[in-house]
Amino acid sequence: MQHSTSSKHKPDRKPGWVKLLTCSLFIATTAHAESWPTQAIRVIVPYPSAGAADVAARIVAQSLAVRLGQPVVIDNHPGAQGTIGSSLVAKARPDGYTLLAATNPEITIMRHLRRTLPYRPDQDLVPLFRTATVPIVLVARNQNDGTGNLRAILEQARLKPDKLSYATPGIGTPMHLIMEHLSSTAGVRMHHIPYNGGNRAATDLMGKQVDWLAISLPTVAGQLKAGRLKALAVLQSERSPLLPETPTVQEASGVKVPQLPSVWFAWFAPANTPHAVQSRITAELEQIVKDPAIRQSLENAGLEPQPMAPAAMRQLLSEESDFFARAAKPFVEQ
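Residues numbered from 1 in each chain as written. Predicted model: local features only at pLDDT ≥ 70, side-chain atom pairs only at ≥ 80, totals over all residues. Heavy atoms only, no water.

Asker: Account for the side chain of Gln223, naming residues and giving values.
Answerer: Checked against the element boundaries, Gln223 lands in helix 9 (residues 217-226). Residues in contact with Gln223, not counting those within four places in the same chain, are Ala202, Met206, Arg228 and Leu229. (Helix = DSSP H or I, 4+ residues; strand = E, 2+ residues; numbered from the N terminus. Contact = heavy atoms within 4.5 Å.)

Written out as structure tokens, the structure is:
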């Protein structure tokens, strides 16, 4: 009598060499993950040194080096709104020795502004951990010249379309797209003046070359503390603990805006990096951001410690990408 054999009990007919190769690859990958790291780790920051992204990476990298027992070397590769450095990591060997300290543009914004990128943010890079966020502030000169109230600004903009100006660190930055979203929602038009970075923009604001500036807090923290500039609003949905007296954009303007993205700093690895290595890095970064001394260092630099694990980050990046896809439509590269 013949017995039928279910598919789950069918004999494995793979050639012996295939089984051997699969087993060897598994053993090699596991051994690599268990021994990692055995050499210095290179962390590419796709922005210039001394900027917020660089500072956020260096504060964490120092502690990570101690915990891993290997040097963690910051390597700045600025240019093209973060996409040059990000491309290097996306194409790097996925062994845990080349990582990316990224922020919004290279992951969720530039894909919607350029026809092509040299890498696929969703497929070529995997999130490891978010360490911090930074408030975007809309600032004005601290003078009684009509520039110090967001409701008044929007009313002026309604009366004088395209006559009033605001500066940002550049086209396609979160500051630019959030300001354009606010203008569209409020039904006004303001003239955008993009700068290559924020320091020159702050100088020109104080010199009355522009009317307002949307910028990350660390860039203007000194001028705000000295009273040379005034924060009108944080361009986000909740008040910042670093500027608790400064209203949100909705509170300051009266304009109803949806949940706004924040500027974040997070670490990524090339896709196909062994899961055990990814998990190790994530666990170490999580412990680092829990350290009171690290949290204080981040806050002293104008950054909010805001840890977020990979699964939550993937959801955040998906939602944020949808927001910027809509906001970027008028500026898509032809």
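Text resumes after the structure shown.
Asker: Now, about the packing of helix 4 (residues 104-113) against helix 13 (residues 310-327): what can you tell me, with residues and values included?
Answerer: Between helix 4 and helix 13, whose axes approach to 8 Å, the crossing angle comes to 40 degrees. As judged from the angle between their axes, helix 4 and helix 13 are oblique. Between helix 4 and helix 13 the crossing geometry is right-handed. Taking contact as the criterion, the partners of Asn104, Ile107, Thr108, Ile109, Arg111 and His112 in helix 4 are, on helix 13, Leu317, Glu320, Ser321, Phe324 and Ala325. (Axes fitted to C-alpha atoms, helices over the stretch in contact; angles between N-to-C directions. Parallel < 35°, antiparallel > 145°, perpendicular 65-115°, else oblique. Left-handed = near helix turned anticlockwise from the far one by under 90°.)

Asker: Describe the packing of aromatic side chains, naming the residues involved and giving the relevant values.
Answerer: For any pair of aromatic rings, the description consists of the separation of the ring centres together with the inter-plane angle of the planes. One pass over the full model with this rule turns up 3 aromatic pairs. Relative to Tyr97, the ring of Trp36 lies with its centre 6.1 Å away and its plane at 45 degrees, an arrangement referred to as tilted. Note that Trp36 is positioned in the loop between helix 1 (16-35) and strand 1 (41-45) and Tyr97 in the loop between helix 3 (83-90) and strand 3 (98-102), a separation of 61 residues in sequence. With respect to class, Trp36 is no different from Tyr97; both count as buried. Aromatic pair Trp264 and Phe268: ring centres 6.2 Å apart, planes at 40 degrees, arrangement tilted. Accessibility assignment for this pair places Trp264 and Phe268 in one class, buried. (Phe/Tyr/Trp six-rings, centres within 6.5 Å; stacked < 30°, edge-to-face > 60°. Buried < 20%, exposed > 50% of the residue type's maximum accessible area, 1.4 Å probe, protein only.)

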